[in-house]
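Take a look at the letters that make up each chain.
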Amino acid sequence: MTENYPETGSDGIATGPVWVNGQPAEAVSAWDRGFLYGDSFFTTIRIVGGQPAFWPLHRLRLISNATRLRFPWPDLEAMELELAEFISSAPDPDGVVRLTISRGPGPRGYLPLKDPQVTRVLAWSPQPDYAPELSETGVDLVLCKTQVSCNPLLAGIKHGNRLAQVFAHQELESLGAFEGLMGDGDVIVGGCRSNVFAKIAGTWYTPRLERAGVAGVTRSWLMQYASIREVDLTFADFEHATSAVITSALLGLMPVRSIEGRELELCEEIPGWQHQYRKDAGL
Ligand SMILES: Cc1ncc(COP(=O)(O)O)c(C=O)c1O
């Protein structure tokens with residue numbers, strides 16, 4: 001964690017600086033559709049030495065999410081300038097920025113304005129202090145009882161409707177588990193806050209994201225770097241996995257030590273992937 005900068009205040013609420021539409025502020029309108037309906041999308045960016053790691057991948061996802069949710073086309077140049085200014089004003093050159101874009105305020109009711117004024121929020125936090133040895137020893141996964149929300153129209157988008165993950169994370173907390181697999185019936189979609197990859201009979205697989213799930217930037221990075229097949233994977237398939245990895249912008253590439261108590265191997269590819277990932281992230 002960033003020295004001298006706590007993740008939260010004594011009330012448990014994040015304290016990092018926040019800009020709303022380019023100005024230091026914490027509040028958005030009570031009529032903001034992000035607040036009212038989760039009519040928003042976001043990306044969580046790791047900041048390394050004052051630079052947004054994997055920005056081209058975040059940028060691509062922002063464009064894709066805006067297009068699929070029928071938001072106005074984002075002014076990416078202005079957004080990049082604003083992000084750079086925000087990062088340089090942050091308490092530390094290393095940390096995390098959550099960039100949220102909502103459809104902004106509108107009238108009461110679901111129907112959005114034809115020409116909405118989107119709300120942009122930049123919020124800074126220190127990088128969470130995961131024990132460094134976890135990226136070598138691996139983490140333990142459980143199978144969450146909470147199911148993902150399934151909707152092909154929203155699958156892959158990092159949209160603001162995250163209630164299934166809110167439930168799942170509470171489930172993990174009550175079990176003292178680091179991360180859990182979430183699915184739709186028997187089909188596994190991903191981790192509660194990560195994407196998942198499994199090595200089965202010598203081949204690496206990751207769940208397809210046709211019906212649910214988030215198209216993670218770290219998932220995209222790994223799929224460009226390594227040979228991985230996208231398929232439907234059931235929990236029974238995971239029982240044949242010999243190795244597995246979870247990924248996110250904040251976790252990076254974390255090997256899985258066990259799934260539901262069954263131990264996995266740390267196979268030889270993983271340290272090589274982690275090495276390249278850290279290099280590309282500027283870590
Ligand atoms: C549900 C879910 N899936 C996957 C991811 C990983 O996405 P990324 O690699 O963009 O951090 C996250 C990250 O928060 C997530 O919340």
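So, the pairing of strand S14 (residues 241-248)
Consideration 1: Here S14 lies mainly inside the structure; six of its eight residues are buried.
Consideration 2: Across six bridges, the pairing between strand S10 (residues 195-200) and S14 is antiparallel. Counterpart to Lys199 in the pairing with S14 is Ser243.
Consideration 3: Examined bridge by bridge, S14 and strand S15 (residues 252-259) share four bridges and lie antiparallel to one another.

Side note on the nonpolar core
Consideration 1: In this structure, Val97, Ala198, Ala244, Val245 and Val256 are the most contacted members of the largest nonpolar core, which totals 58 residues.
Consideration 2: Each of domain 1 (18-125) and domain 2 (134-281) contributes no fewer than three residues to this core.

Considering helix H6 (residues 217-225)
Consideration 1: Regarding H6, the residues found buried are Val217, Thr218, Arg219, Trp221 and Leu222.
Consideration 2: As for H6, its buried residues are in contact with helix H2 (55-68), S10, strand S11 (203-207), S14, S15 and helix H8 (269-281).

Considering unusual backbone geometry
Consideration 1: Positive phi values are uncommon outside glycine, yet Asn21 reaches one of about 50°.
Consideration 2: Summarising the element assignment, Asn21 is placed in the loop between strand S1 (18-20) and strand S2 (23-24).
Consideration 3: A tally of 14 C-beta atoms within 10 Å means that Asn21 is categorised as partly exposed.
Consideration 4: In this model, Arg70 sits at a positive phi of 60°, which is unusual for a non-glycine residue.
Consideration 5: Considering the arrangement of structural elements, one finds Arg70 in the loop between H2 and helix H3 (76-88).
Consideration 6: Here Arg70 falls in the exposed class, since 9 other C-beta atoms lie within 10 Å of it.

Considering the environment of Gly50
Consideration 1: One can find Gly50 in the loop between strand S3 (40-48) and strand S4 (51-52).
Consideration 2: Linking Gly50 and Pro93, residues 43 residues apart in sequence, is a C-alpha distance of 4.3 Å.
Consideration 3: Once you skip the residues sitting within four places of it in the chain, Gly50 turns out to touch Ile87, Ser88 and Pro93.

Some points on the sheet that holds S3
Consideration 1: Spatial strand order, S2-S1-S6-S5-S3-S4: six strands in an open sheet with antiparallel pairing. For this open sheet the edge positions go to S2 and S4, each flanked by a neighbour on one side alone.
Consideration 2: Bridge count between S1 and S2: two bridges; the pairing is antiparallel. What sits directly across from Trp19, in S2, is Pro24.
Consideration 3: Packed on one face of the sheet, H2 meets S3 and S4 and runs near 175° to S3.

Describing the site of the ligand
Consideration 1: Residues in close proximity to the ligand total 14 residues, the closest being Val214, Gly216, Thr218, Ser248 and Ala249.
Consideration 2: Every element with two or more residues in the shell around the ligand is listed here: H6 and S14.
Consideration 3: Sorting elements by how many residues they give to the shell around the ligand places H6 first, with three residues.
Consideration 4: For the shell around the ligand, the class distribution of residues is three nonpolar, nine polar and two charged.

Criteria and thresholds
Residues numbered from 1 in each chain as written. Predicted model: local features only at pLDDT ≥ 70, side-chain atom pairs only at ≥ 80, totals over all residues. Buried ≥ 20, exposed ≤ 12 C-beta atoms within 10 Å, placed from the backbone. Helix = DSSP H or I, 4+ residues; strand = E, 2+ residues; numbered from the N terminus. Pairing = 2+ DSSP bridges. Core = buried A, V, L, I, M, F, W, Y, C linked by C-beta atoms within 7 Å. Domains from an automatic or database assignment. Contact = placed C-beta atoms within 7 Å. Axes fitted to C-alpha atoms, helices over the stretch in contact; angles between N-to-C directions. Near = placed C-beta within 6 Å. Nonpolar A, V, L, I, M, F, W, Y, C, P; charged D, E, K, R; others polar.

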